[in-house]
Amino acid sequence: MTESFRSGFATFVGRPNVGKSTLTNALVGEKIAITSEKPQTTRRAIRGILNRPTGQLVIVDTPGIHKPRTLLGERLNDLVEQVLGDVDVIGFCVPATEKIGPGDRRIAASLDGYPRAKKIAIVTKTDVAERDQITERLIEVDALREDWAAVIPLSALTRDQLDILTDEMLALMPEGPALYPDGVVTDESVEDRIAEMIREAALDGVRDELPHSIAVVVDDVAPREDSDLTDVHASIIVERDSQKAIIIGRKGSRLADVGKRARVGIEELLGTRVFLGLHVKVAKEWQRDPKQLGRLGF
Ligand SMILES: Nc1nc2c(ncn2[C@@H]2O[C@H](COP(=O)(O)OP(=O)(O)OP(=O)(O)O)[C@@H](O)[C@H]2O)c(=O)[nH]1
Ligand SMILES: [Mg+2]
């Protein structure tokens, strides 16, 4: 008898910065979601697809759940809620290196609201944790709910235990055909992926509330005639003039650096050389403005 094919949707939840996007990328095998050491890096529901002979997993990467301080924050939490209502498997993530806190407890308890989904507890970042810390975290997280289908420690960075997680998630999926054709890793548009690569480069080295204030919109992607070159124009949007000055840097040095770093990934994605034109604009308090948020796709 041949094993049946399984397919379905999975998502990782947890506080900002616990490693959800890094884990998604590691499982999918390609960088589809940007990551950073700043909380609230992910702002969209990004689908990544993982194929195995026995099944297909569609992993939906979502923003971390946090106490919202802006309208954007509220919308991001709503987005996570929506995704959670749709998936077959929820992986609840806590980092091995940090004690479980009230935020983690609240998120774990909120999973009661999604009775249809099977739940897995995941202890992340084991590569930077002591053995005792990992054990402590496993015990702590295990006690948070009675219905964990599995409790798995892993490292997305060293890929330790990723296969165990994949097998476990596949086993929990319903029987069914592949939902995406072979070879598709994400349904994100090229423009969206480019915008996120630029935002990732722009996040590097900025502090305090500035990471939250940055949004990126791709204005144009155009292959140049008779040349192995694509022109990409994008706007980096911030909330205040003072932030604009920081992003641009002295004599434009910081912006040039952002462009240089973002271009590497964009060239790889497009398979051509790229001219990247970056323009910095101010949209006052866009995180709190429904009209601006709509325009930015939130
Ligand atoms: N050492 C180590 N670091 C990791 C691992 N996974 C993630 N990180 C780091 O943790 C930070 C946060 O990772 P992300 O994947 O962006 O976290 P996230 O949960 O998606 O965060 P939000 O999108 O803000 O909710 C980054 O600096 C990662 O490099 C891991 O397995 N080991
Ligand atoms: Mg993320």
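Residues numbered from 1 in each chain as written. Chains lettered and ligands numbered in written order. Predicted model: local features only at pLDDT ≥ 70, side-chain atom pairs only at ≥ 80, totals over all residues. Heavy atoms only, no water.

S.K.: Which residues make up the overall build of the protein chain, and what are the values?
M.R.: A tally of regular secondary structure across the protein chain gives 10 helices and nine strands. Taken over C-alpha atoms, the radius of gyration comes to 20 Å for the protein chain, in line with the 19 Å a tight globule of 298 residues would show. With the C-alpha coordinates aligned to their principal axes, the bounding extent of the protein chain is approximately 60 × 45 × 40 Å. Scored against the burial criterion, the 298 residues of the protein chain give a buried share of 49%. Long-range pairs, those at least 24 residues apart, make up 71% of the contacts in the protein chain between residues at least 6 apart in sequence. Accessible area for the protein chain stands at about 14600 Å²; split by element, carbon and sulfur atoms hold 50% of it. Across the protein chain, 41 positive and 48 negative side-chain charges occur, with their mean positions spaced 6 Å apart. (Helix = DSSP H or I, 4+ residues; strand = E, 2+ residues; numbered from the N terminus. Rg over C-alpha atoms; globule rule 2.2 N^0.38 Å. Buried < 20%, exposed > 50% of the residue type's maximum accessible area, 1.4 Å probe, protein only. Contact = heavy atoms within 4.5 Å. Areas by Shrake-Rupley, 256 points an atom, 1.4 Å probe, with all protein chains shown as cover. Lys, Arg positive; Asp, Glu negative; His and termini not counted. Charge placed at Lys NZ, Arg CZ, Asp CG, Glu CD.)

S.K.: I'd love a proper account of the sheet that holds strand E4 (residues 89–95), names of residues and values included.
M.R.: What the six strands build is an open sheet, ordered E2-E3-E1-E4-E5-E6; its pairing is mixed. Each edge of the open sheet is held by one strand with a lone partner, namely strand E2 (46–52) and strand E6 (148–153). Going from strand to strand, the sheet's axes swing by 25 degrees on average, the running direction of each strand aside. Pairing of E4 with strand E5 (residues 118–124), which is carried by seven bridges, proceeds in the parallel orientation. By the bridge assignment for E5, Ile90 is matched with Lys119. Against the sheet, helix H2 (residues 71–86) contacts strand E1 (6–13), strand E3 (55–61) and E4, and its axis sits at roughly 150 degrees relative to E1. (Pairing = 2+ DSSP bridges. Axes fitted to C-alpha atoms, helices over the stretch in contact; angles between N-to-C directions.)

S.K.: If you had to explain the site of ligand 1 to someone new, which residues and values would you point to?
M.R.: Around ligand 1 sit 22 residues in total, of which Lys20, Thr22, Gln40, Thr41 and Asp127 are the nearest. One nitrogen or oxygen atom from the side chain of Lys20 is found 2.7 Å from an oxygen atom belonging to ligand 1. Here an oxygen atom of ligand 1 and a backbone polar atom of Thr41 are 2.7 Å apart. Coverage of ligand 1 by the protein chains reaches 88% of its 650 Å² of free accessible surface. Under a 2 Å grid-point criterion requiring more than half of the atoms, the pocket assigned to ligand 1 is the largest pocket. (Near = heavy atom within 4 Å. Polar contact = N/O pair within 3.5 Å; in protein donor to acceptor, adjacent residues only side chain to side chain. 1 Å grid on protein atoms, 1.4 Å probe; cavity = no way out; pocket = protein on both sides within 12 Å on 5 of 7 lines; lining within 4 Å. Sits in = over half its atoms within 2 Å of the grid points.)

S.K.: Tell me about the pairing of E6, and please be specific about residues and values.
M.R.: As paired strands, E5 and E6 are joined by five bridges and run parallel to one another. Note on E6: the bridge partner recorded for Val123 is Pro153. What joins E5 to E6 is helix H4 (residues 131–142), and the crossover it makes is right-handed. (Right-handed = clockwise from strand over helix to strand, strands pointing away.)

S.K.: Can you lay out the sheet that holds strand E7 (residues 215–223) for me, pointing to particular residues and giving the numbers?
M.R.: Backbone-to-backbone hydrogen bonds join strands into a sheet, with any given pair of strands oriented parallel or antiparallel. Pairing is mixed across the open sheet formed by three strands, whose spatial order is E7-E8-E9. In this open sheet, the two edge strands, each paired with only one partner strand, are E7 and strand E9 (273–282). Neighbour-to-neighbour, the strand axes of this sheet turn through a mean angle of 20 degrees, independent of strand direction. Packing of helix H9 (residues 253–270) onto the sheet brings it into contact with strand E8 (229–238) and E9, and relative to E9 it is tilted by some 135 degrees.

S.K.: Lay out the coordination of the magnesium ion (ligand 2) in plain terms, naming residues and giving numbers.
M.R.: Distances from the magnesium ion (ligand 2) to its protein donors, namely Ser21 (OG) and Thr42 (OG1), fall within the range 2.0 to 2.1 Å. On the criterion of sequence distance, the pair formed by Ser21 in helix H1 (residues 20–28) and Thr42 in the loop between H1 and E2 is long-range, its members being 21 residues apart. Across the pair, exposure class does not vary: Ser21 and Thr42 are buried alike. (Donors = N, O, S within 2.8 Å, 3.2 Å for Na, K, Ca; no water.)

S.K.: An account of the UniProt feature "domain: Era-type G" (unreviewed entry) in the protein chain is needed here, citing residue identities and associated values.
M.R.: Summarizing the sequence annotation, UniProt attributes the feature "domain: Era-type G" (unreviewed entry) to residues 6–175 in the numbering used throughout. Secondary structure across residues 6–175 comprises 34% helix and 25% strand; the distance between its end C-alpha atoms is 4 Å. (UniProt positions renumbered as here; feature names shortened; annotations may be inferred.)

S.K.: I'd like a rundown of the pattern of salt bridges, residues and numbers included.
M.R.: With the rule as written, the count across this model stands at 26 salt bridges. A salt bridge links Glu98 to Arg15, with the shortest nitrogen-to-oxygen separation between them at 3.3 Å. Of the two residues, Glu98 is situated in the loop between E4 and helix H3 (102–110) and Arg15 in the loop between E1 and H1; the sequence distance between them amounts to 83 residues. Of the charged contacts, one joins Asp192 and Arg44 as a salt bridge, the two residues approaching to 3.0 Å between their closest N and O atoms. One end of the pair, Asp192, is in helix H6 (residues 190–203); the other, Arg44, is in the loop between H1 and E2, with 148 residues separating them in the sequence. Classification of Asp192 as partly exposed rests on a relative accessible area of 26%. Salt bridges sharing partners connect three or more residues here, namely Lys99, Glu136, Arg137 and Glu140. (Salt bridge = Lys/Arg side-chain N within 4 Å of Asp/Glu carboxyl O.)

S.K.: I'd like a rundown of the side chain of Glu188, residues and numbers included.
M.R.: Within the fold, Glu188 resides in the loop between helix H5 (162–172) and H6. Glu188 sits in the buried class, given a relative accessible area of 12%. Only 3.4 Å separates the side chain of Glu188 from the side chain of Arg44, close enough to count as a polar contact.

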